[in-house]
Amino acid sequence: MFEVPQWAYEFHGHECPFMPIGYRMGTLALEKLGVGRSKNHEMHVFSEMGIAHPQGCMQDGIMASTSATFGKNLIERMYYGKVAATFWYPGKGAVRIFLRNEFSDSLSPHEFFKYRKKGVEPSEIPHEVRQDIINMVLRATNDELFKVEMLPDFQYEPPKSSFNKAKCEVCGEYVFERYLRVKDGKKVCISCSGHSKDEFTRPKVK
Ligand SMILES: [Zn+2]
Ligand SMILES: [Zn+2]
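Residues numbered from 1 in each chain as written. Chains lettered and ligands numbered in written order. Predicted model: local features only at pLDDT ≥ 70, side-chain atom pairs only at ≥ 80, totals over all residues.

### Notes on unusual backbone geometry
Our working rule: Runs of E in the DSSP output that reach at least two residues are strands. Runs of H or I that reach at least four are helices, and both are numbered from the N terminus. Any residue surrounded by 20 or more other C-beta atoms within 10 Å of its C-beta is treated as buried, while 12 or fewer makes it exposed and the intermediate range makes it partly exposed; C-beta atoms here are placed from the backbone.
Although it is not a glycine, Tyr79 sits at a positive phi angle of roughly 60 degrees. Here Tyr79 is to be found in the loop between strand E2 (75-77) and strand E3 (84-89). Looking at Tyr79, the number of C-beta atoms within 10 Å reads 15, which means it is partly exposed. Residues other than glycine seldom take positive phi values, yet Asp184 does so here, at roughly 50 degrees. Looking at where Asp184 falls in the secondary structure, it is placed in the loop between strand E8 (181-183) and strand E9 (186-188). Classification of Asp184 by C-beta neighbours within 10 Å gives exposed; the count is 9.

Have a look at this one:
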């Protein structure tokens, strides 16, 4: 049976089936690409999750097993609404991993989701119920869980990191240069530019 370390559940905050699915997805990606955790800025993950899907918990599992974290800018959301992700590693290529429909279907009738549909949050669901559905994830084989596709033609150029920052000419706070905007001839931060923050944080839906 696959084991997910206890600290990953603590990091995630509750016990649910989707964090372990993501943890296994990330672990399998490392195996397929023949690499270890990203100590620095190696792997880039393109998660196909969107917002407001409970399955998005998988992304915490991906981060826990690969160390490709949002904080290091190594994982981004594509907003396709799928339990899938593409993992790219410099010099090693890329692999896309999708949670099989059949496996999703096998989880759906579980009591865990009866609670979830009534609006009960995962941490409030009885422990045995959570543990039972998590064990279904941990007992499954990689083949039962995932559709795996190597992507030999996948190209990616990570954005260059920049240490350059400047002071906004209105509020005086430091801003990383690529986020400066020009307003009335002044270099200003996004908050002072009068643009709604939404314009910059809204997902780019393809
Ligand atoms: Zn969760
Ligand atoms: Zn400002």
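### What to know about the nonpolar core
Put simply, the rule is: Here, a nonpolar core denotes buried Ala, Val, Leu, Ile, Met, Phe, Trp, Tyr and Cys residues that are linked to one another through C-beta atoms within 7 Å. By the convention adopted here, residues are in contact when the distance between their C-beta atoms, placed from the backbone, does not exceed 7 Å.
Core analysis: the biggest nonpolar cluster contains 36 residues, and Met25, Val45, Met58 and Phe87 have the highest contact counts within it. Of all the elements, helix H2 (residues 18-33) adds the most residues to this core, at 8 residues. Ignoring sequence-local partners within four residues, the contact set of Met25 consists of Met58, Gly61, Ile62, Ala85, Ile97 and Phe146.

### Focus on the sheet that holds strand E1 (residues 44-47)
Here is the rule we go by: Two strands qualify as a pair provided that DSSP identifies no fewer than 2 bridges between them. Axis lines are fitted to C-alpha atoms, over the contacting stretch for helices. Their N-to-C directions set the angle, which ranges from 0 to 180 degrees.
Ordered by their spatial adjacency, 5 strands build an open sheet running E2-E1-E3-E4-E5, and the pairing between neighbours is mixed. If you trace the sheet from one side to the other, it starts and ends with E2 and strand E5 (146-150), each paired once. Sheet twist, expressed as the mean angle between neighbouring strand axes with direction ignored, is 15 degrees. With 4 bridges joining them, E1 and E3 adopt antiparallel strand pairing. Looking at the pairing, Ser47 lines up with Ala85 of E3. Helix-sheet contacts for H2 involve E3, strand E4 (93-99) and E5, and the interaxial angle to E4 is about 150 degrees. Each of E1, E2 and E3 touches helix H3 (residues 58-66); the most contacted strand, E1, lies at about 165 degrees to it.

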